[in-house]
Amino acid sequence: VKLMGRHSGFIACYASLAEPDANYVLIPEVPFILEGPDGLLEHLLQRVKRRGHALVVVAEGAGQDLLSMRGDGASIGVDASGNQKLADIGRFLRHRIRDHFKAAHTEVNLKYIDPSYMIRSVPANPHDSVYCLRLAQNAVHAALAGRTQMVVGRWHGRYVHIPMPLAVSQRNQVAPDGDLWLAVLEATGQPHSFG
């Protein structure tokens, strides 16, 4: 299952903890290797042989180092907004998993799911609706007070005005040695790293 997460794996981590069926979670913050006895492919093969199934959750930005260059070494480029184009890790893994299982003479029934549009089209729940209403109300109050170049957010239970330069000063990422990632490792049972 490929989930959103160009530069951070929060959605993949929280989804795998909320619905603890995932056996492997791959995120951009934690590099992995595919090949070799300690690689993802061999680990996955052994799990399927032992348990008969496996579920891999991958954030869209994971593994870009494995496929970010075309065969001729040229970069895959940027989109119209100037963001780096990402190669499709989901399709790449699907092909590599099939090839690995075939080489090991092991049958695999592989399903690839990319639910990005389904996720974006889910109606807001009551909590989300109220939260968005409160953000909007506070944004209007800020505008009426003459505030500009800021966003509204919550901090310690209060709605606050955050200057845009501060809001975009650093990217929020999953800490590979932090509680969230350690909880994912514990829930999935996957090794701390592949390779």
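All of these numbers come straight from a predicted model, not from anything done at the bench. (Residues numbered from 1 in each chain as written. Predicted model: local features only at pLDDT ≥ 70, side-chain atom pairs only at ≥ 80, totals over all residues. Heavy atoms only, no water.)

Some words on the nonpolar core
Then, number 1: Of all hydrophobic cores here, the largest spans 19 residues; its most connected members are Leu26, Phe32, Leu34, Leu40, Leu44 and Leu93.
Then, number 2: Of all the secondary-structure elements, those providing two or more residues to this core are β2 (24–26), α2 (40–51), β3 (56–59) and α4 (89–103).
Then, number 3: Excluding anything up to four places from it in sequence, Phe32 contacts Leu26, Leu40, Ala62, Gly63, Leu66 and Phe194.
Then, number 4: Residues Leu3, Val30, Val174 and Leu180 belong to the second largest nonpolar core, which totals 14 residues. (Core = buried A, V, L, I, M, F, W, Y, C linked by side-chain atoms within 4.5 Å. Buried < 20%, exposed > 50% of the residue type's maximum accessible area, 1.4 Å probe, protein only. Helix = DSSP H or I, 4+ residues; strand = E, 2+ residues; numbered from the N terminus. Contact = heavy atoms within 4.5 Å.)

Considerations on the packing of aromatic side chains
The geometry of two aromatic rings is summed up by the distance between their centres and the angle between their planes.
Then, number 1: For the coordinates displayed, the defined rule picks out three aromatic pairs.
Then, number 2: Judged by centre distance (6.4 Å) and plane angle (15°), the rings of Phe10 and Tyr14 are stacked. Residue Phe10 and its partner Tyr14 are both found in helix α1 (residues 10–18); the two are separated by four residues, about one turn of the helix.
Then, number 3: Plain terms: the ring middles of Tyr131 and Tyr159 are 6.5 Å apart, the flat faces sit at 35° to each other, and that makes the pair tilted. Here Tyr131, found in helix α6 (residues 126–144), pairs with Tyr159, found in strand β5 (residues 158–163); they are 28 residues apart in sequence, far enough to count as distant.
Then, number 4: The exposure class of Tyr131 is partly exposed, given its relative accessible area of 32%.
Then, number 5: Judged by relative accessible area, Tyr159 falls into the buried class, the value being 18%. (Phe/Tyr/Trp six-rings, centres within 6.5 Å; stacked < 30°, edge-to-face > 60°.)

So, the pattern of salt bridges
Then, number 1: Inspection of the entire model under this criterion finds four salt bridges.
Then, number 2: The salt bridge involving Glu35 is made with Arg96; its shortest N-O contact spans 1.9 Å. Within this pair, whereas Glu35 is found in the loop between β2 and α2, its partner Arg96 is found in helix α4, the two being separated by 61 residues in sequence.
Then, number 3: For Arg96, a relative accessible area of 25% corresponds to the partly exposed category.
Then, number 4: Here Arg91 makes a salt bridge to Asp88, at a shortest N to O gap of 3.6 Å.
Then, number 5: A cluster of three or more residues bridged by salt bridges with shared partners is formed by Lys2, Asp88, Arg91 and Asp114. (Salt bridge = Lys/Arg side-chain N within 4 Å of Asp/Glu carboxyl O.)

Thoughts on α1
Then, number 1: When α1 is considered as a whole, its buried residues turn out to be Ala12, Cys13 and Ser16. With its buried residues spanning 100° around the axis, α1 presents them on a single face. Turned more than 90 degrees from where α1 packs its buried face, Tyr14 and Ala18 sit exposed.
Then, number 2: For α1, the secondary structure elements touched by its buried residues are β1 (2–3), β2, β3 and α8 (179–188). (Arc of directions from axis to C-beta.)

Notes on the side chain of Glu29
Then, number 1: Topologically, Glu29 is positioned in the loop between β2 and α2.
Then, number 2: Arg171 provides the closest opposite charge to the buried, salt-bridge-free Glu29, at an N-O distance of 8.4 Å.
Then, number 3: Separated by 2.9 Å, the side chain of Glu29 and the backbone nitrogen of Val174 make a polar contact.
Then, number 4: Contact partners of Glu29, with chain neighbours within four places excluded, come to His7, Ser8, Gly9, Gln173, Val174 and Pro176. (Lys, Arg positive; Asp, Glu negative; His and termini not counted. Polar contact = N/O pair within 3.5 Å; in protein donor to acceptor, adjacent residues only side chain to side chain.)

What about α4?
Then, number 1: Compared with an ideal rise of 1.5 Å per residue, which puts 15 residues at 21 Å, α4 spans 21 Å between its outermost C-alpha atoms and is within 8% of the ideal.
Then, number 2: Taken residue by residue, α4 has Ile89, Gly90, Phe92, Leu93, Ile97, His100 and Phe101 as its buried positions. Projection of α4 onto a plane perpendicular to its axis shows the buried side chains occupying an angular sector of 155°, all on one side. Across from the buried face of α4, at angles greater than 90 degrees, the exposed residues are Lys102 and Ala103.
Then, number 3: Packed against the buried residues of α4 are β1, β2, α2, β3 and α3 (64–67).
Then, number 4: Where α4 starts, the residue carrying a side-chain oxygen 3.0 Å from the main-chain nitrogen of Gly90 turns out to be Asp88.
Then, number 5: Positioned one or two residues after α4, His105 has a phi angle of 55°, which is positive. (Expected span 1.5 Å × (residues − 1).)

Interpretation in functional terms is not warranted from these geometric data alone.
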